[in-house]
Amino acid sequence: MNGSLPTLVIVIPVFNDWESLCKLLPSLDWVLAATGLNVEVLVVDDASNLSLSSELLPRQFNSITKIDILELRRNLGHQRAIAIALAYIEANRQCEAVLVMDSDGEDKPEDALKLIETYRQEGREKVIFARRVKRSEGIAFRCLYRLYKNFYQLLTGQEIRIGNFSIIPYPILGRLVAVAEIWNHYAAGLQRAKVPYGEIPTNRGSRLAGKSQMRLVNLVAHGLSSISVYADVVGTRLLILTSIVLVVVAIAMIILIAMRLLTIGVPATPGWVAYIIGLLFTALTQAIMFSIFFIFIVLSGRNNASFLPCRDYHYFIWKVRSILPQSSN
């Protein structure tokens, strides 16, 4: 690779969390400086309503040679901000690899170094993810997260253990930005597309400043977005489940009708069997409608044109400005 090209581009999505970002960058620079890497940072401003204060930003870096802010036209959320950034880099930059991490400090700079080392040990041919083996959130969050992971596996048949924190070889980036599913969930979309990847165990870091803006509603929406990547699989599994219910209900109705006709073991209570048959018939009708609904949902999803990051990303970019080195504008 040409020596003038940056070795690494780091993507950091931000929504108002500028104070954390300005504390993260010096730590990241210090950790990476020892490696001799030439690093560019692309901050994705997810339509923040707070501005970056230039007084918070350090004046000098060693390993980091360039910091650009990619400003989006509207707030899209972390997953879509990442998808747009990856498509922008693939179209406009050349590098050895792209590192994706959050701005709040929970993705630790020293773990970024571990990702880089593992990526190189693996021959620069796989996406390497950080898998958190120990979480520091409260017990309620951990219980909900465990419930989500079980629910995800039940519906999709897959296990989700990874998040955004990862390093992507540049040759794989060209494949990844053609995966429509990363628009909803980066990690799940990558898994669905069968992109080769590996994992390393990490512990969650501490937030550098402020409080998390992630609320329960956001977490639920994030979980549903990951499941939506496997919409056709979920629909098929639910269709199989509904078919089993159909068979069970039909058998129960046949047994009850036979009991009624043969008057074998039927209680003297008038209308008891007819009442149960009516309930089962209602359940049978709903199960049939449920099956038809999911069949059409899956088929319509296959026919609709999806958002394709490499084709459509530019619609959401407002402007790109440089803060290191300082822009002349």
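Since the model is a prediction, treat every value here as computed from it, not as a measurement.

Thresholds applied
Residues numbered from 1 in each chain as written. Predicted model: local features only at pLDDT ≥ 70, side-chain atom pairs only at ≥ 80, totals over all residues. Heavy atoms only, no water. Phe/Tyr/Trp six-rings, centres within 6.5 Å; stacked < 30°, edge-to-face > 60°. Helix = DSSP H or I, 4+ residues; strand = E, 2+ residues; numbered from the N terminus. Buried < 20%, exposed > 50% of the residue type's maximum accessible area, 1.4 Å probe, protein only. Salt bridge = Lys/Arg side-chain N within 4 Å of Asp/Glu carboxyl O. Contact = heavy atoms within 4.5 Å. Polar contact = N/O pair within 3.5 Å; in protein donor to acceptor, adjacent residues only side chain to side chain. Expected span 1.5 Å × (residues − 1).

Caption draft 1: Quick peek at the packing of aromatic side chains. Applying the stated criterion to the full structure yields seven aromatic pairs. Plain terms: the ring middles of Phe129 and Tyr186 are 5.7 Å apart, the flat faces sit at 40° to each other, and that makes the pair tilted. Of this pair, Phe129 sits in strand 5 (residues 127–134) while Tyr186 sits in helix 6 (residues 186–192), placing them 57 residues apart in sequence. Note on accessibility: Phe129 and Tyr186 belong to one class, buried. Considering the side-chain rings of Tyr152 and Tyr230, the 6.2 Å spacing of their centres and the 90° angle between planes classify their relative orientation as edge-to-face. One end of the pair, Tyr152, is in helix 4 (residues 139–156); the other, Tyr230, is in the loop between helix 7 (216–228) and helix 8 (231–262), with 78 residues separating them in the sequence. For the pair Tyr152 and Tyr230, one class covers both residues: buried.

Caption draft 2: Structural view of the pattern of salt bridges. This structure, assessed with the given rule, holds 16 salt bridges. Across the pair Arg207 and Asp17 runs a salt bridge whose closest N-O atoms are separated by 3.0 Å. Of the two residues, Arg207 is situated in the loop between strand 7 (197–203) and helix 7 and Asp17 in the loop between strand 1 (8–14) and helix 1 (18–33); the sequence distance between them amounts to 190 residues. When its relative accessible area of 24% is taken as the criterion, Arg207 is described as partly exposed. Given the relative accessible area of 13%, Asp17 is considered buried.

Caption draft 3: The environment of Asn184, seen in detail. Take Asn184: it is sitting in the loop between helix 5 (170–176) and helix 6. In sequence terms Asn184 and Leu224 are 40 residues apart; their C-alpha atoms lie 9.3 Å from each other. With near-sequence residues (within four places) excluded, Asn184 lies in contact with Gln79, Arg80, Ser225, Ser228 and Val229. Side-chain polar atoms of Asn184 contact the side chain of Ser228, separated by 3.5 Å.

Caption draft 4: Representation of helix 1. Between its terminal C-alpha atoms helix 1 stretches 22 Å, which fits the 22 Å expected from 16 residues at 1.5 Å a residue. Close packing links the buried residues of helix 1 with strand 1, strand 2 (39–45), strand 3 (64–72) and helix 3 (109–121).

Caption draft 5: Here's a closer look at the side chain of Ser322. Looking at the element boundaries, Ser322 is found in strand 8 (residues 317–324). On the basis of relative accessible area, Ser322 is assigned to the buried category, the value being 17%. In this structure the side chain of Ser322 is engaged in a polar contact, spanning 3.4 Å, whose partner is the side chain of Asp68. In this structure the side chain of Ser322 is engaged in a polar contact, spanning 2.8 Å, whose partner is the backbone oxygen of Pro325.

Just distances and angles here, no functional claims.
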